[in-house]
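What follows is each chain in one-letter form.
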Amino acid sequence: MAVFKQKILWIGIVIVMVVLIVFGVAMMGSVLGTKPKDLPVALVVLDQPADLPTGGALAVGEMIQEKLMGNTQLPIAWKTVGSEEEARAGLDEHEYYGALIIPANLSSSLLSLASSAPQPATVQVIANEGMNMQAATVVKQVLGQAMKGVGLELSKQLLVQLGQQTGGQVQVSVAQALLTPFEVQEESVHPVGGNNASGSAPGLLTQIMWMGSLVTAMILFLTNQKTKVAVARRLSIKAIQTATGLIIVGAASGFLVWMAKSWYGMELSHVVDTWLILWLGGAVFFLIQSTLLNWIGYPAMGILVLLMFFSMPVLNMAPEFLSQTTQDWIYSWTPLRFVSGGLREVMYFGGLDSVGSNATVLWAISVGFVVVLMASSLKRIKARVGATITESTTASSN
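Summarised in this report is the structure supplied together with it.

What follows is about helix α10 (residues 300-311). Three or four residues apart is the spacing at which side chains of an α-helix point the same way, because the helix has 3.6 residues per turn. Counted at 1.5 Å a residue, the expected span for α10 with its 12 residues is 16 Å, and the 16 Å between its end C-alpha atoms agrees. Regarding α10, the residues found buried are A300, L304, L307, M308 and S311. Seen from one end, α10 has its buried residues packed into an arc of 95°, which puts them on one side.

This is the structure we're talking about:
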């Protein structure tokens, strides 16, 4: 019973609970229960209405567009575009997770099914895997199911119309053709390649680079703590150590890319570009970590560890899957997601030429933290000067 009277036991239990709560929120709170919503998808309706034998026109494309855009249950935010080329350009520019292409001959092809010369119709579903594999899979499944439902409804309407025209007599071959009025052709663009953890490779590389940069920052911080130099040389020493860290991070990022490709067979179409963007990301990590360590000291390690654990679950998720709270409080600002996004653009969209705002943000962060890191040397100078003045005053009084 004496054990239960010890305060340290109860304090330890409270600490354990706090740790579980914090890491539970970090690892589970932001991702469990997530569901896709408002996934941007391009809709291209090229269909031209076809004249019916009984008069009027059959406009299948317009009907499909109305049904899809009126279905609020779909987790899709439709973006109507004028051509397939425009839709594909948007896929290349990371604007859409997918696209649905309604061909120009859809209505006429459906009418031809009841003739002696049927023309098969094909609807295209394009999934943008490189943008996000999980979101692309959802888009592919949702559009496939939606078009299947539209096809069944069209079959019923066409059979009814044809039965009215023929007095209820419909040939078996025609009826069978109408059961599948059009085919759905699936296509994937910007594929993630082999051994890329189903498109999660950018997030994995980002996490590993964060740890490598953290070790580098910690080693150089400890080295700096043990270095005894004159006050006037503090700034130059800080600059040298920062440059050394950036060089180490560059070598580490190159080794990481080589290891992923050579040891684990990761398919990389742009090896050098991947190394360069990963070096930039590692440099940003190193500068952030070094700045916090130099200004705060050892307590900064707790902040950096928490930052990593809160960021990890969202790196490989599309923002449309996350709650608004997670988007605002974690995804919108964590530096890890900018590195992961930059890697995704380089690895799956054509190298450095495809890098967008992620690289700009990373460069801005690196410049800002270089300034703040260099300013930490002034903090040490001020402390040293204060100590020197105190010692001089004490000596004079004696």
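On we go from here.
Glancing now at empty space enclosed by the protein. Inspection of the entire model under this criterion finds 1 cavity of 30 Å³ or more. Put simply, the largest cavity is a space of about 80 Å³. What lines the largest cavity is A217, L220, F221, N224, K238, Q241, T242, F286, S290, N294 and L373. Contributing elements (two or more residues each) for the lining of the largest cavity: α7 (201-226), α8 (234-262) and α9 (271-296). The element contributing the most residues to the lining of the largest cavity is α7, with 4 residues.

Bringing the pairing of strand β5 (residues 98-102) into the picture now. Both faces of the sheet carry side chains from a regular strand, because those side chains alternate between them. Where burial is concerned, most of β5 is hidden: 5 out of the 5 residues are buried. Here β5 shows no split at all, with G98, L100 and I102 on one side and A99 and I101 on the other all buried. The pairing of strand β1 (residues 39-45) with β5 spans 5 bridges and is parallel. Note that in β5 the partner of V45 across the bridge is I102.

This brings us to a negative patch on the surface. Side chains of E86, D92, E93 and E95 sit close together on the surface and give a patch of like negative charge. Of note, D92 is situated in helix α3 (residues 84-92). Accessibility expressed as a relative area gives 40% for D92, which makes it partly exposed.

Here the focus is the packing of aromatic side chains. With the rule as written, the count across this model stands at 7 aromatic pairs. Measuring from centroid to centroid gives 5.0 Å for W210 and F285, while their planes differ by 75°, and the two rings are edge-to-face. One end of the pair, W210, is in helix α7; the other, F285, is in helix α9, and 75 residues separate them in sequence. According to the relative accessible area criterion, W210 is buried, its value standing at 0%. A residue is classified by how much of its surface remains accessible, and F285, at 0% relative accessible area, is buried. Members of the aromatic cluster, joined through ring pairs, are F255, W258, W263 and Y264.

Another point: the sheet that holds β5. Judged by pairing direction, the sheet is mixed, and its 5 strands sit side by side in the order β4-β1-β5-β6-β7 without closing on themselves. Of all strands in the sheet, those bounded by a partner on one side alone are β4 (76-81) and β7 (183-189). Across the sheet, the axes of successive neighbouring strands diverge by a mean angle of 20°, strand direction being ignored. Note that β1 and β4 share 6 bridges and pair parallel.

Further remarks concern the layout of surface pockets. Put simply, the largest pocket is a space of about 350 Å³. M131, Y331, G341, R344 and N358 are the residues nearest the centre of the largest pocket, which is lined by 18 residues in total. A total of 6 residues in the lining of the largest pocket trace back to one element, the largest contributor, which is helix α12 (residues 335-349). For the lining of the largest pocket, the per-class residue count stands at 9 nonpolar, 6 polar and 3 charged.

Once that is clear, we can look at the side chain of T291. Note that T291 resides in helix α9. Contacts of T291, omitting those with residues within four sequence positions, involve F369, V372 and L373.

Attention now moves to the pattern of salt bridges. Applying the stated criterion across every chain, the model contains 3 salt bridges. Between R88 and E84 there is a salt bridge whose closest N-O contact spans 3.0 Å. On the criterion of helical spacing, the pair formed by R88 and E84 is a turn pair, its members being 4 residues apart in helix α3. Linking R88 and E187 is a salt bridge whose minimum nitrogen-to-oxygen distance equals 2.8 Å. Here R88 is found in helix α3, whereas its partner E187 is found in strand β7, with 99 residues between them in sequence. The exposure class assigned to R88 is partly exposed, which follows from its relative accessible area of 25%. A network of salt bridges, in which partner residues are shared, links E84, R88 and E187.

Right, let's talk about helix α11 (residues 324-331) for a bit. Taken together, the buried positions of α11 are T326, Q327, I330 and Y331. All buried residues of α11 lie within an arc of 110° about the axis, which places them on one face of the element. When the buried face of α11 is taken as reference, the exposed residues oriented beyond 90 degrees from it are T325 and W329. Contacts from the buried residues of α11 go to α10 and α12.

Each value, and the rule that gives it
- Residues numbered from 1 in each chain as written.
- Predicted model: local features only at pLDDT ≥ 70, side-chain atom pairs only at ≥ 80, totals over all residues.
- Heavy atoms only, no water.
- Helix = DSSP H or I, 4+ residues; strand = E, 2+ residues; numbered from the N terminus.
- Expected span 1.5 Å × (residues − 1).
- Buried < 20%, exposed > 50% of the residue type's maximum accessible area, 1.4 Å probe, protein only.
- Arc of directions from axis to C-beta.
- 1 Å grid on protein atoms, 1.4 Å probe; cavity = no way out; pocket = protein on both sides within 12 Å on 5 of 7 lines; lining within 4 Å.
- Points joined across faces, edges and corners; volume = space filled by probe spheres on them.
- Pairing = 2+ DSSP bridges.
- Patch = residues over 30% accessible without salt bridge, like charges linked within 9 Å, V, L, I, M, F, W, Y side chains within 5 Å.
- Areas by Shrake-Rupley, 256 points an atom, 1.4 Å probe, with all protein chains shown as cover.
- Salt bridge = Lys/Arg side-chain N within 4 Å of Asp/Glu carboxyl O.
- Lys, Arg positive; Asp, Glu negative; His and termini not counted.
- Charge placed at Lys NZ, Arg CZ, Asp CG, Glu CD.
- Phe/Tyr/Trp six-rings, centres within 6.5 Å; stacked < 30°, edge-to-face > 60°.
- Axes fitted to C-alpha atoms, helices over the stretch in contact; angles between N-to-C directions.
- Nonpolar A, V, L, I, M, F, W, Y, C, P; charged D, E, K, R; others polar.
- Contact = heavy atoms within 4.5 Å.

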